[in-house]
Amino acid sequence: HMLRRITLSIKAFLMESYEPRCSPSAQRNGEHILQALQQFLGRTDKFKAIEVASGTGQHISLFANHFTCATWSPTEVDASLFKDIQAYTKQLKNVKPPEVLDISNVLTDIKYVPPHFGKYDVGICINMVHITPLECTHGLFKNMSKLLTIGGMLFTYGPYSDNGVITPQSNIDFDASLKSRNPEWGLRDISYLKEFGAKEGFQLEMVIDMPSNNKVLVFRRLPPHC
């Protein structure tokens with residue numbers, strides 16, 4: 001028992017002294033995304049939210065600090081980021097421990113969904129869609145249709161093309177840069193996401209223009225056969 005206590009104390013000390021990584025883009029866009037969420041979510045609303053691709057945890061820390069009556073569940077495919085997520089959220093009692101989640105998988109096949117089925121009111125996915133293969137975006141909608149309650153909302157953030165057109169030139173260059181790094185990456189089209197989302201029971205409710213030529217897409221999960 002003494003050895004276990006010492007081990008736990010060492011772990012706690014290391015956690016306390018760990019300097020988490022910082023995402024410059026999360027620093028820049030966090031407040032703007034929060035303002036978009038505030039259009040739909042009240043500060044004292046009691047809801048359960050799940051974030052896909054939480055990264056360093058800076059976004060979920062910001063959101064949980066604002067929506068203090070909500071419960072926040074960070075997920076990330078890369079478990080090496082858990083230390084960062086925990087460091088940013090350690091003072092927040094309304095943030096759950098991070099879980100490993102590969103959204104490209106059919107979650108029922110990996111036993112993730114059953115205990116989480118229909119548990120969440122809000123899903124959030126920031127800067128994932130354009131820097132992952134399309135199967136991750138497909139998985140996002142397919143799995144959120146199981147994770148979210150009827151009427152639940154899915155917020156995605158990033159740069160998009162619109163009816164096949166990418167604007168401005170900086171986003172055209174960014175799309176080309178992404179595809180040069182990985183041919184399966186690139187800006188996704190809003191009309192395609194609207195159509196694919198509809199197949200999985202989501203309605204695109206709003207497109208919010210954001211700084212730096214990004215957008216927040218707001219999807220709502222509809223009752224079956226709507």
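Source: prediction; values computed, not measured.

## Some details on the environment of Gln169
(1) Moving on: Mapped onto the elements, Gln169 comes out in helix α7 (residues 169–181).
(2) Moving on: Side-chain polar atoms of Gln169 contact the side chain of Asp173, separated by 2.8 Å.

## Describing the layout of surface pockets
(1) Moving on: As a volume, the largest pocket reaches approximately 510 Å³.
(2) Moving on: If you trace the largest pocket, you find 24 residues lining it, with Ala53, Glu76, Asn127, Met128 and Ile131 closest to the centre.
(3) Moving on: Of all the secondary structure elements, the ones that give two or more residues to the lining of the largest pocket are α2 (24–38) and α3 (58–66).
(4) Moving on: In terms of residue class, the lining of the largest pocket is built from 11 nonpolar, 10 polar and 3 charged.
(5) Moving on: Computed from the structure, the second largest pocket encloses a volume of approximately 230 Å³.
(6) Moving on: Among the secondary structure elements, those contributing two or more residues to the lining of the second largest pocket are α2 and α7.
(7) Moving on: No other element matches the 4 residues that α2 contributes to the lining of the second largest pocket.

## Some points on the sheet that holds strand β1 (residues 48–52)
(1) Moving on: Across the sheet, 7 strands lie side by side as β3-β2-β1-β4-β5-β9-β8; this open sheet has mixed pairing. Edge positions in the open sheet fall to β3 (99–100) and β8 (202–210), since each of these has one partner strand only.
(2) Moving on: Relative to β3, strand β2 (residues 71–76) runs parallel, the two sharing 2 bridges. Among the inter-strand pairings, Glu76 is bridged to a residue of β3, identified as Val100.
(3) Moving on: The strands touched by α3 are β1, β2 and β4 (120–126); relative to β2, the strand with the most contacts, the crossing angle is about 175°.

Reading the values: the criteria
- Residues numbered from 1 in each chain as written.
- Predicted model: local features only at pLDDT ≥ 70, side-chain atom pairs only at ≥ 80, totals over all residues.
- Heavy atoms only, no water.
- Helix = DSSP H or I, 4+ residues; strand = E, 2+ residues; numbered from the N terminus.
- Polar contact = N/O pair within 3.5 Å; in protein donor to acceptor, adjacent residues only side chain to side chain.
- 1 Å grid on protein atoms, 1.4 Å probe; cavity = no way out; pocket = protein on both sides within 12 Å on 5 of 7 lines; lining within 4 Å.
- Points joined across faces, edges and corners; volume = space filled by probe spheres on them.
- Nonpolar A, V, L, I, M, F, W, Y, C, P; charged D, E, K, R; others polar.
- Pairing = 2+ DSSP bridges.
- Contact = heavy atoms within 4.5 Å.
- Axes fitted to C-alpha atoms, helices over the stretch in contact; angles between N-to-C directions.

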